[in-house]
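# Coordinates in review
As a plain string of letters, each chain reads:
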Amino acid sequence: MLDLEVVPERSLGNEQWEFTLGMQALAILQKHCRIIKNVQVLYSEQSPLSHDLILNLTQDGIKLLFDAFNQRLKVIEVYDLTKVKLKYCGVHFNSQAIAPTIEQIDQSFGATHPGVYNSAEQLFHLNFRGLSFSFQLDSWTEAPKYEPNFAHGLASLQIPHGATVKRMYIYSGNSLQDTKAPVMPLSCFLGNVYAESVDVLRDGTGPSGLRLRLLAAGCGPGLLADAKMRVFERSVYFGDSCQDVLSMLGSPHKVFYKSEDKMKIHSPSPHKQVPSKCNDYFFNYFTLGVDILFDANTHKVKKFVLHTNYPGHYNFNIYHRCEFKIPLAIKKENADGQTETCTTYSKWDSIQELLGHPVEKPVVLHRSSSPNNTNPFGSTFCFGLQRMIFEVMQNNHIASVTLYGPPRPGAHLRTAELP
């Protein structure tokens, strides 16, 4: 049984790890998978932006609710207090020996505003700043006594003696209903750099590079207490050298060498059987949500890949969500020179209306960890337009966008060419 410390408006955790509001907590679950088991991922398959992403720790009675857009931790809910020990300021208020009654909560946390009775749920809600407790009534017969109109509403202020906590919520602010995921705490950066936004730069023919607004935790000379959020911009372009990218973005989290080109079958026939003398390679920046492909011969940038990190995609949780904005040249009558913006949350139908339908049929992309495995999330479809490849999921959301540099003299860009 987990023994966890409650910090209102901030976190739930112990000495080894901590679920902190504003963080992306999946790395903790992966690292401590032997202790935290049986985790369910709950999301809307067809409308992933309409509901929070939920991680249900079924063995421990805890739910982690993440904002559907920024994917940061918004609410920590303990829905089964019999499966976990809880303490506040080092003193337990819930364990096998201590029942979380209203008297115990009052003793541990002190005075607060009167409780609020919700007749639909038949629960009392006791609210502190950043922390709420829900109490279950002992019987249905007690419910009418706590209706708001009973005894001029005063009866609803008094939580019945002996009532025990049914659920506990940790969140940011004064209201659970109005809470939003806070910005990522500096303690969660751990030396990484994150992208607040990524703007795709373009010239007259198509994408020319990326302008990244980056966040990092900087600090004074040797003083962690003086840590502050650093915000700065960096730009990388097609044709930049490997050294240019390293100086702009720092070292990648991983370097991946392409062992084979699975899309060579779609290239012109003379090139299908020409073996590669050396392999192109990717710089993978997982916390930026960006991959950068370098040419093996020139060591210059030839592709950018932007990842949206939607649940239900094969690569979910490998990359942080890339908050990109891509200017699109509209292909409509009387719309010459006009541009619209494609974002991480745009759907493929709306993009097609702006750009016109692709000339070629989509390439069906199957992903699996080995030839004998199947992808439980199904295939995606790749469409090529304006030197970009849009990888589209079956729910019409964009899984990734691959940007190409201008073609070399004598070379022909193929829409089927994929990373």
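The following refers to the structure shown. The shown structure was predicted, so the numbers you read here are calculated from the model rather than taken from an experiment. For every chain, the first residue of the written sequence is number 1, and numbering continues from 1 onward in sequence order. In keeping with the model being predicted, local features are shown solely for residues with a pLDDT of at least 70 and side-chain atom pairs are shown and tallied solely at 80 or more, while totals for entire chains, interfaces and linings include all residues. Note that the side-chain values use all heavy atoms of the structure and ignore hydrogens as well as water.

### Focus on the overall build of the protein
Our working definition: Strands here are runs of E lasting at least two residues and helices are runs of H or I lasting at least four, both read from the DSSP assignment and numbered beginning at the N terminus. We call two residues contacting when some pair of their heavy atoms lies within 4.5 Å. Per-residue accessibility takes into account occlusion by the displayed protein chains alone, with areas from the Shrake-Rupley method and a 1.4 Å probe.
Secondary structure assignment for the protein yields 4 helices and 26 strands. Long-range contacts, defined as pairs at least 24 residues apart, comprise 53% of the intrachain contacts of the protein with a sequence gap of at least 6. Total accessible area on the protein stands at roughly 22,200 Å², and carbon and sulfur atoms take up 51% of it.

### Considering the nonpolar core
Using the following cut-off: Definition used in this section: a nonpolar core is a set of buried Ala, Val, Leu, Ile, Met, Phe, Trp, Tyr and Cys residues joined via side-chain atoms within 4.5 Å. Any residue under 20% of the maximum accessible area for its type is buried, any over 50% is exposed, and the rest in between are partly exposed; the area is computed with a 1.4 Å probe on protein chains only.
Counting residues in hydrophobic clusters, the biggest one holds 46 residues, and the most contacted among them are Phe19, Leu64, Leu86, Phe133 and Phe135. In this structure, Leu214, Leu288, Ile351 and Leu385 belong to the second largest nonpolar core, which totals 39 residues.

### Observations concerning the sheet that holds strand β1 (residues 2–7)
Rules: Between any two strands, at least two bridges found by DSSP are needed for them to pair. For helices, the fitted axis covers only the stretch in contact; all axes are lines through C-alpha atoms, and the angles between them, taken along N-to-C directions, range from 0 to 180 degrees.
The sheet built from 5 strands is open, its strands ordered β3-β2-β1-β8-β9 with mixed pairing. Because the sheet does not close on itself, it has two edges, and the strands there are β3 (18–20) and β9 (91–94). With strand direction ignored, the average angle separating the axes of adjacent strands in the sheet is 30 degrees. Here β1 runs beside strand β2 (residues 11–13); their pairing, made up of 3 bridges, is antiparallel. Along β2, the bridge assignment pairs valine 6 with leucine 12. Across the sheet, helix α2 (residues 102–109) lies against β8 (84–88) and β9, angled at about 155 degrees from β9, the strand it touches most.

### Some thoughts on the sheet that holds strand β18 (residues 281–285)
Judged by pairing direction, the sheet is antiparallel, and its 8 strands sit side by side in the order β17-β18-β19-β20-β26-β25-β24-β23 without closing on themselves. The open sheet is flanked by β17 (254–257) and β23 (363–365), the only strands paired with a single partner. The mean angle between the axes of side-by-side strands here comes to 20 degrees, regardless of whether they run parallel or antiparallel. Sheet analysis places strand β25 (residues 388–392) next to strand β26 (residues 398–404), joined by 5 bridges and oriented antiparallel. Each residue of the ladder has a partner; that of phenylalanine 390, found in β26, is valine 401.

### Notes on helix α4 (residues 348–355)
As a reminder, the rule being used: Within this analysis, the arc is defined by the directions that extend from the helix axis to the C-beta atoms.
All buried positions along α4 are accounted for by Trp348, Ile351, Gln352, Leu354 and Leu355. For α4, the angular spread of buried residues about the axis comes to 160 degrees, placing them on one side. Against the buried residues of α4 lie β21 (324–329), β22 (339–343), β24 (380–385), β25 and β26. Glycine 356 occupies a position one or two residues after α4 and carries a positive phi of about 85 degrees.

### Remarks on the pattern of salt bridges
Opposite charge on two side chains lets them pair, provided their charged atoms get close. Filter applied, for reference: What counts as a salt bridge is simple: a side-chain nitrogen of Lys or Arg found within 4 Å of a carboxyl oxygen of Asp or Glu.
Inspection of the entire model under this criterion finds 9 salt bridges. Aspartate 280 serves as the salt-bridge partner of lysine 302, at 2.9 Å between the closest nitrogen and oxygen. Taken together, the residues span a long stretch of sequence, with lysine 302 in strand β20 (residues 301–307) and aspartate 280 in the loop between β17 and β18 at a distance of 22 residues. When its relative accessible area of 22% is taken as the criterion, lysine 302 is described as partly exposed. Through salt bridges that share partners, Asp280, Asp295 and Lys302 make up one connected network.

### Considering unusual backbone geometry
One non-glycine residue with positive phi stands out, namely asparagine 309, at about 55 degrees. Of note in the backbone geometry, asparagine 317 takes a positive phi value of approximately 80 degrees without being a glycine. The residue asparagine 317 is located in the loop between β20 and β21 in this model.

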